[in-house]
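Chain residues, written in single-letter form:
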Amino acid sequence: MRGHRLVSAVAALLVCACLAAPAGAQTTTGTLRGYVRNAEGGEVAGATVTARNAETNQQRSVVTTANGFYLLPGLRPGAYELHVRALGQGEQRRAVQLLVGQTLDANFTLATQALALEAITVAATPAAAETRTSEVATNVTRQQVENLPTADRNFLSLAILAPGTQLQGDRLDATRKTFSAGAQGAEQVNVFIDGASYKNDILQGGVAGQDASRGNPFPRNAIREFRVITQNFKAEYQKASSAIITATTRSGSNEWESSGFLNYQHEGLIALDSIQRASRSTNPRAFSRPDFKRYQFGANAGGPIIRDRLFFFGSFERNDQNRGRRVNIVPPAGYPALDSINFAQYNGEFDEPFRATLLFGKLTWERSPSNFFELSYHHRHENDIRDFGNLTSFQTATRFHNDVNTAILKHNWTRGSLLNEATASFQHYQYNPEPNTPGLVNRFYGFGCCAEIGSFRSEQKFGQDRLSLRNDLTWSGLRAGGEHVVKGGVNVDFLNYDIEKRNSENPRFIYEPWFNNFEIPHRVEFQTGDPDFGARNTQIGLYLQDDWSPTERLVLNLGIRWDYETHMMNYDHVTPPAVRDSLVKYADRLFIPVTDRYFTDGNDRSPFLGAFQPRLGFALALDEDNSLSVFGGWGLFYDRMVFDLALEESFALQHPAYTLYFAPRGSTGGGNVVPFEDRFVTDPRSILDVIGDNRFNTPEVKLLPNDLKPPRAQHFNLGIRHAFGGFEASAAYTGVRSTGVITFYWANENFTCPARSFSVPGCFVHNTIPGWGNILLADDTGKTWYDALQLKLDRPYQGRGPGRSGWGAGVAVTIANRESQGFNDQFSFPNPIDYPRQVRNDERVRIVGHWLVDLPYLWGVQFSGLVNLGSGARFDVGGRADCHRASTCFEPGGFEQPGRDFIFPNVFAYRTVDLRLRKEFVNVRGATLGVSAELFNAFNYNNYGGYNTFNRLDRFFGQPNGIGSDPRRLQIGLEYNAR
């Protein structure tokens, strides 16, 4: 308790420090820096450099130092006009486009006499190249967000423009869309929007609201731009050991503008894949195309409330989907018990509706050139009915509710060489799947694997409330061996986790053909007990970083971060004496020793204090204009453990699982078998009377180690960048070594012979621990390795000028190797010996290209597209438990998907080409009405999945049994824009 009081006192002091500072956040701004020289190359001290925002007319000024250096940090992304004045020198102006998270160098050489200042168009200026950073990062611009084809308007889909990233669940019917990077999972990423962390502490998916959701985390028409950082991000970023995304939202400007859109898609605009075409050909009468309709619509508006001072922006998006899901339960013949059940009443096509509403609003107050406030609110609400179809009845569907609400207050203040950025935010996240048709007994029939009727079995309510206070202070006044930009900060997050896990409380009665011909259930599976869990957690972070320029060409990024959590896991958990006594008494029955590392009296666990994370990098310009540079870096990055996984220890005992086996009516039963009675099905509560007998009270035991640490990754990279002729090119080696991946192993089950096979008698052994079920031990020894060559070439979009069209394009190439050790998933089987270092989640080559072209001479059409090509994931041959003969022995990564044609023959296993055409029609009042057509997977490529990789001697070995991506589909849209 003394430690907790100390932590509370420290947290209180840090909160006071945050509140005392002039009331920003994570990097949602950019920085302009450079040197001012005279015509002879000498330093110009005392020159005034002014940056004027073209949208809001706000200005920031700074005076150059003795060696001509200037720094303008904390600028909001946008178009700026830079103006340099110095006594006795000619003035200069330059237009720049500053993106989120960028540090751009803009050097000036002043003439000795005044020159006429030419008018410049700031808004049309393309983004400048960022060449002097150790981060491996990709900026996704506003033009790309608004105009590249994305089927579901999820801005995370465009994360693939960054080398090394992957998307999961990128299908029309997918119910979990996430992104990841390198060899780590989605849980190790983080997303910051306007400085607020959207980290999912309690569930999987990495981002709040993305676990088990087919929806979008944020309205796309409110996203201005974002930055994907996959390597060596600075010390100011927390709670991620893989990639992060930092996004900034749109704000109002001095011009009122509004827009609206409507996208429509239905089943007639979706092609059939090869498996569907084969099914139609085989049985044309039975085949029918599932119904599908999707409407995506929304609007946004923004402008000045008080010109040059107070601005408003608001947006709304709606996603309405209706898809038909067919249920077709046909029982096998010859079973009178099945003939008495009217399965036909469950058959037919049923609606699977999805509804999502996204709202966003922001007020921006420019109190003075050195002082501004932002207040914003984001609302996300989703309803989804799903998880039925084929042999699962509509009765068994899940009704899924998903809500995320975030409010953010930001304040930026500058004075001289100081910049203070402060943020206060509050976020409420709730995840709530429940039965769509409650109150019906669940019955599961083992034919066709497998038919299911009755209510969904579980109901869950996961709530996460986060109050976050953060303050960052930047000082550019230190000059010791060169120019220093020193930044430090603190964040304190107060979290409340409120969890209700009524898993499997609706009993499932399981009927098997080999057990009394389906006449009575073979067994019933259910859970009962206390479903309520929760905790309060305080997360504290401190960092200090220095961007030091010993010379004009060299920048060193030197930083360190420390993070701490008061309740990442069950620190006050007490191992029940019955569990300890049984595992000690029957230690000889365990294949993994259970030491004191897994036993606690409530005082054996302490919060992890060692999350010190040095982060170092450099960037060296090889030429005078900074167009060619080498860069590199190394750093340590700690993430956090998913809280739901940490609950397993308490959940297994507090809400245990039961399995009762049935004997025919009237028999005596025995052991854990009871004679079946009809009342068990008609009144499932009667089962609770039976489990009072200790012979059925055999819950699983799940134990966490007392020294459990959060996941950690080591990043290192070395590369070169070059800006030329409007293009930006980079090539980099990137490496990641991650540790601390947690998984549970079965301690009382193992393979005891070299064949490691279920089919060899006596090879697989399960040792019973009296009074208990499975014994699972958690460990955090999982590791991953990632090495990649990442190549990127970009030509940022530049709007068309007189007599020419605007265009932008780019390509990202990843050549990588991914390996893992010690785990398979969150519940690996049976122990770490079965998961040596091996190829996993490995795709050697991924190429992503994009383009955006205005065609003024082709009726003013805008043409954009995305090409996504991959060599395909490598799969294991056989399994760890299938080595009883050479033909099925385990081969990690032994199967590579066959390549198929795309320009070159037999190269790519994954191929999609997405195209978008857009045409605007001008209204007499300056408003425009546009139409668009988006064609996804335009060439209807089959990207196969479900390959048969079990036995090389199988005549179907290497053949796919499914499609891993959607077929060709057309989406049409309308747009309205007015300024």
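Residues numbered from 1 in each chain as written. Predicted model: local features only at pLDDT ≥ 70, side-chain atom pairs only at ≥ 80, totals over all residues. Heavy atoms only, no water.

Draft legend 1. Local environment of the overall build of the chain. Counting its secondary structure elements, the chain contains nine helices and 53 strands. Computed over C-alpha atoms, the radius of gyration of the chain comes to 30 Å, within 12% of the 30 Å expected from 2.2 N^0.38 for 979 residues, which places it in the range of a compact globule. Each principal axis of the C-alpha distribution contributes one length, and for the chain these read about 110 × 70 × 55 Å. For the chain, with 979 residues in total, the buried portion stands at 58%. For the chain, the accessible area works out to roughly 38700 Å², and carbon and sulfur atoms hold 56% of it. The chain carries 99 positive and 101 negative side-chain charges, and their two centres are separated by 4 Å. (Helix = DSSP H or I, 4+ residues; strand = E, 2+ residues; numbered from the N terminus. Rg over C-alpha atoms; globule rule 2.2 N^0.38 Å. Buried < 20%, exposed > 50% of the residue type's maximum accessible area, 1.4 Å probe, protein only. Areas by Shrake-Rupley, 256 points an atom, 1.4 Å probe, with all protein chains shown as cover. Lys, Arg positive; Asp, Glu negative; His and termini not counted. Charge placed at Lys NZ, Arg CZ, Asp CG, Glu CD.)

Draft legend 2. Fine view of the pairing of strand E27 (residues 508-511). Side chains of E27 alternate between two faces, with Arg 508 and Ile 510 and Phe 509 and Tyr 511 buried alike. In terms of strand pairing, E27 meets strand E28 (residues 523-527) through three bridges, oriented antiparallel. Across the sheet, residue Phe 509 finds its bridge partner in E28, namely Val 524. (Pairing = 2+ DSSP bridges.)

Draft legend 3. Quick peek at the sheet that holds strand E3 (residues 59-63). With respect to topology, four strands assemble into an open sheet ordered E3-E2-E5-E6, the strand pairing being antiparallel. Both outer strands of the open sheet, E3 and strand E6 (92-98), are each paired with one neighbouring strand and no more. Between one strand axis and the next, the sheet turns by 20° as a mean value, whatever way the strands run. Bridge count for strand E2 (residues 48-53) against E3 is five bridges, and the pairing is antiparallel. Bridged to Thr 48 within E3 is Val 63. (Axes fitted to C-alpha atoms, helices over the stretch in contact; angles between N-to-C directions.)

Draft legend 4. The arrangement of the packing of aromatic side chains in detail. By the definition in use, this model includes 48 aromatic pairs. Their ring planes at 40° and their centres at 4.9 Å tell us that Tyr 264 and Tyr 295 sit as a pair that is tilted. On the criterion of sequence distance, the pair formed by Tyr 264 in strand E16 (residues 257-266) and Tyr 295 in strand E17 (residues 292-306) is long-range, its members being 31 residues apart. For Tyr 295, a relative accessible area of 36% puts it in the partly exposed group. When the centroid spacing of 5.5 Å and the interplanar angle of 55° are considered together, the rings of Phe 608 and Tyr 638 count as tilted. Separated by 30 residues along the polypeptide, Phe 608 in the loop between helix H5 (577-585) and strand E31 (612-621) and Tyr 638 in strand E32 (residues 628-638) bring together distant segments of the chain. Against the face of Phe 372 rests Arg 76, its NZ or CZ located 4.3 Å from the ring centre. Above the face of the Phe 108 ring, Arg 94 is positioned so that its terminal group lies 4.4 Å from the ring centre. (Phe/Tyr/Trp six-rings, centres within 6.5 Å; stacked < 30°, edge-to-face > 60°. Lys NZ or Arg CZ within 6 Å of the ring centre and 35° of its normal.)

Draft legend 5. Spotlight on unusual backbone geometry. Following Cys 449, the chain continues to Cys 450 via a peptide bond in cis, the omega torsion being 5°. Residue placement: Cys 450 occurs in the loop between strand E23 (442-445) and strand E24 (451-453). Of note in the backbone geometry, Cys 449 takes a positive phi value of approximately 45° without being a glycine. Along the chain, Cys 449 falls in the loop between E23 and E24. When its relative accessible area of 69% is taken as the criterion, Cys 449 is described as exposed.

Draft legend 6. Spotlight on the sheet that holds strand E14 (residues 223-231). Pairing is mixed in the open sheet, where five strands are placed in the order E9-E14-E15-E12-E13. Of all the strands in the sheet, the pair left with one neighbour each is strand E9 (136-140) and strand E13 (196-197). As defined by bridge partners, strand E12 (residues 190-193) adjoins strand E15 (residues 244-249) across four bridges and the pair is classed as parallel. The residue of E15 that forms the bridge with Asn 190 is Ile 244.

Draft legend 7. Representation of the pattern of salt bridges. For the coordinates displayed, the defined rule picks out 71 salt bridges. Taking the shortest distance from any N to any O, the salt bridge between Glu 146 and Arg 250 comes out at 3.9 Å. With Glu 146 in helix H2 (residues 142-147) and Arg 250 in the loop between E15 and E16, this pair connects stretches of sequence that are 104 residues apart. Since its relative accessible area comes to 34%, Glu 146 is described here as partly exposed. Given a relative accessible area of 7%, Arg 250 falls into the buried group. (Salt bridge = Lys/Arg side-chain N within 4 Å of Asp/Glu carboxyl O.)

Draft legend 8. Summary view of H5. Residues of H5 that are buried: Val 579, Ser 582 and Leu 583. All buried residues of H5 lie within an arc of 95° about the axis, which places them on one face of the element. Those residues of H5 that are exposed and angled more than 90 degrees off the buried face are Pro 577, Val 584 and Lys 585. Those residues of H5 hidden inside the fold are in contact with helix H7 (648-654), strand E35 (701-703) and strand E40 (775-798). (Arc of directions from axis to C-beta. Contact = heavy atoms within 4.5 Å.)

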